[in-house]
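Descriptive analysis of the structure
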Amino acid sequence: MVKVISGQHHVSAMTGDAKKNLRFYTEVLGMRLVKKTVNQDDPSMYHLFYADETGTPGTDLTFFELPFLGQTYRGSNSISRTALRVPDGAIAYWQERFDTFGVTYGEVESVLGRATLSFEDHEGQRLCLVEGGSGTPWKNGPVPTDVGIFGLGFSEWTVRRIEKTARVLTEILGYRYVTTFERDGHDVRVFETGEGGVATEIHLVDRPDLPSERPGRGSVHHVAIRVEDTDDMAKWIEKLDAHGISHSGLIDRYYFQSIYFREPSGILVELATDEPGFATDESVEALGERLALPPFLEPRRADIEAKLKPL
């Protein structure tokens, strides 16, 4: 039997400009660049990982650089919002900070009793801050640690086939239905896993009226959820096979092991292990300072670095 999933592992999105992306997420949001690497499937592009002080699983927001990517045409069958956790009472600070940096943001909302502030980055990436919990933000960043971002919150999926997506969450991945609330006139179903709480939640927005999203810069590529270890991954492969779900098989990403599959609405879901982690090839103190390559790409370092623009 597979172990219970404990929540989000990371969220991977797309940017058209790695340098501007780096500036926004480190200098404006105060997240730490914990791994500067490349897309292992296409080493010509950067893959940047932003997280808490030590790159803890469940804190990573990552970006693939795709310079020639067009704009996003928003719609259904998409990961439509990613929440980032901040301490209680921190949102007032962030409103002032967003005003200073010209960041587009909305009104403060209460989502399941938690203060939430929606905003977008310079490419239209849809994000929100949600208050609650505690963690370890980047200690040497530009944002005071008592109000800093310390991890991922809920992942919002806008879907056209909500019943089928919900069944995959509950019957295969082991999520629990929590409640339904209304947002902007549409029902949002909330599911949680593990010990529960905002870092374990997936929010399904029911939008069968929308066309499917055409992804571009500012879109989310996939969401990864946490699997304890590699031993459990073999059991997940057996479970996916038993339910007739096509998947990638086990892929070694060096910093974690992965399995990818698409749920019925077409959203790409990754199962990812907590270990070995980002300190495998760099010390915690030096995370993100150099271009890190997995061993199978290291012999190509000179060629890879020659094709990347310095950040």
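The structure under discussion appears in the preceding block.
One structure accompanies this document, and this report is about it. Bear in mind that the values here come from a model prediction, so they are computed numbers and not experimental data.

Moving on, we come to the overall build of the chain. Per the secondary structure count, the chain includes five helices and 16 strands. For the chain, the C-alpha radius of gyration of 18 Å lies close to 19 Å, the compact-globule estimate for 311 residues. On the principal axes, the C-alpha backbone points of the chain span a range of 50 × 50 × 35 Å. Across the 311 residues that make up the chain, the buried fraction comes to 55%. Taking the intrachain contacts of the chain between residues at least 6 apart in sequence as the baseline, contacts between residues at least 24 apart amount to 67%. The positive charge centre, built from 34 side chains, and the negative charge centre, built from 48, are 5 Å apart in the chain.

Summed over the entire model, instances satisfying the criterion amount to two cavities of 30 Å³ or more. Of the volumes computed, that of the largest cavity is approximately 50 Å³. Contributing to the lining of the largest cavity are H9, G55, T56, P57, D60, Y255, F256, T273, D274, G277 and F278. Residues that form the lining of the largest cavity fall into these classes: four nonpolar, five polar and two charged. Around the second largest cavity, the lining residues are I79, S80, R81, Q125, R126, G218, S219 and V220. Take the lining of the second largest cavity: its biggest share by element is three residues, from strand β5 (residues 78–86).

The next thing to look at is helix α1 (residues 18–28). Residues A18, N21, L22, F24, Y25, T26 and V28 constitute the buried set of α1. Residue G30 follows α1 closely and has a positive phi angle near 70°.

Another point: the pattern of salt bridges. One pass over the full model with this rule turns up 21 salt bridges. The closest approach of N and O atoms between K35 and D281, which form a salt bridge, is 2.7 Å. Taken together, the residues span a long stretch of sequence, with K35 in strand β2 (residues 32–39) and D281 in the loop between β16 (268–276) and α5 (301–307) at a distance of 246 residues. Judged by its relative accessible area of 0%, K35 falls in the buried class.

A separate point is the packing of aromatic side chains. Remark: the centre distance and the inter-plane angle together describe each pair of aromatic rings, the angle taken between the planes. On inspection of all chains with the given rule, the structure shows 12 aromatic pairs. Each ring, one from Y25 and one from Y50, has its centre 5.4 Å from the other, and the planes form 20°; the classification is stacked. With a gap of 25 residues between them, Y25 in helix α1 and Y50 in strand β3 (residues 42–51) connect regions that are remote in the sequence. Residues Y25 and Y50 agree in their burial class; the two are buried. On the numbers, 5.7 Å between centres and 70° between planes, the contact of Y177 with F191 is edge-to-face. On the criterion of sequence distance, the pair formed by Y177 in strand β10 (residues 176–183) and F191 in strand β11 (residues 186–192) is long-range, its members being 14 residues apart. By relative accessible area, which is 48% here, Y177 ends up partly exposed. Here a set of aromatic residues connected by ring pairs shows up, and it is made of Y93, W94, F98, Y105 and F119.

What follows covers the sheet that holds β3. What the eight strands build is an open sheet, ordered β2-β3-β4-β1-β13-β16-β15-β14; its pairing is mixed. In the strand order of this sheet, the two ends are held by β2 and β14 (251–252), each with one partner. Bridge count for β2 against β3 is seven bridges, and the pairing is antiparallel. In the sheet register, R32 faces β3, and the bridge partner there is A51. Relative to β3, α1 is tilted by about 5°, and along the sheet it contacts β1 (8–15), β2, β3 and β4 (60–65).

Counted residue by residue, β5 has nine buried out of nine residues, so it is predominantly covered. Where β5 meets strand β9 (residues 151–159), six bridges bridge the pair, whose relative direction is antiparallel. The partner of S78 across the bridge, within β9, is T158. Here β5 runs beside strand β8 (residues 126–131); their pairing, made up of five bridges, is parallel. Along β8, the bridge assignment pairs V86 with E131.

The next subject is helix α3 (residues 162–172). Here α3 has its buried residues at I162, T165, A166, V168, L169 and I172. Those residues of α3 that are buried are in contact with β9, β11, β12 (202–206), α4 (230–242) and β15 (256–262). Once α3 finishes, G174 follows within two positions and takes phi at roughly 85°, a positive value.

The next point concerns the sheet that holds β12. The strand order β6-β7-β8-β5-β9-β12-β11-β10 describes an open sheet built from eight strands, whose pairing is mixed. Two strands in the sheet have a free side with no partner beyond their single neighbour: β6 (104–111) and β10. Neighbour-to-neighbour, the strand axes of the sheet open up by a mean angle of 25°, direction not taken into account. Across seven bridges, the pairing between β10 and β11 is antiparallel. Within β11, the residue paired with Y177 across the bridge is F191. Of the strands in this sheet, β5, β6, β7 (114–120) and β8 are in contact with helix α2 (residues 91–101), which crosses β7 at around 15°. Packed on one face of the sheet, α3 meets β9, β11 and β12 and runs near 165° to β12.

What counts as what
Residues numbered from 1 in each chain as written. Predicted model: local features only at pLDDT ≥ 70, side-chain atom pairs only at ≥ 80, totals over all residues. Heavy atoms only, no water. Helix = DSSP H or I, 4+ residues; strand = E, 2+ residues; numbered from the N terminus. Rg over C-alpha atoms; globule rule 2.2 N^0.38 Å. Buried < 20%, exposed > 50% of the residue type's maximum accessible area, 1.4 Å probe, protein only. Contact = heavy atoms within 4.5 Å. Lys, Arg positive; Asp, Glu negative; His and termini not counted. Charge placed at Lys NZ, Arg CZ, Asp CG, Glu CD. 1 Å grid on protein atoms, 1.4 Å probe; cavity = no way out; pocket = protein on both sides within 12 Å on 5 of 7 lines; lining within 4 Å. Points joined across faces, edges and corners; volume = space filled by probe spheres on them. Nonpolar A, V, L, I, M, F, W, Y, C, P; charged D, E, K, R; others polar. Salt bridge = Lys/Arg side-chain N within 4 Å of Asp/Glu carboxyl O. Phe/Tyr/Trp six-rings, centres within 6.5 Å; stacked < 30°, edge-to-face > 60°. Pairing = 2+ DSSP bridges. Axes fitted to C-alpha atoms, helices over the stretch in contact; angles between N-to-C directions.

Geometry only, nothing functional implied.
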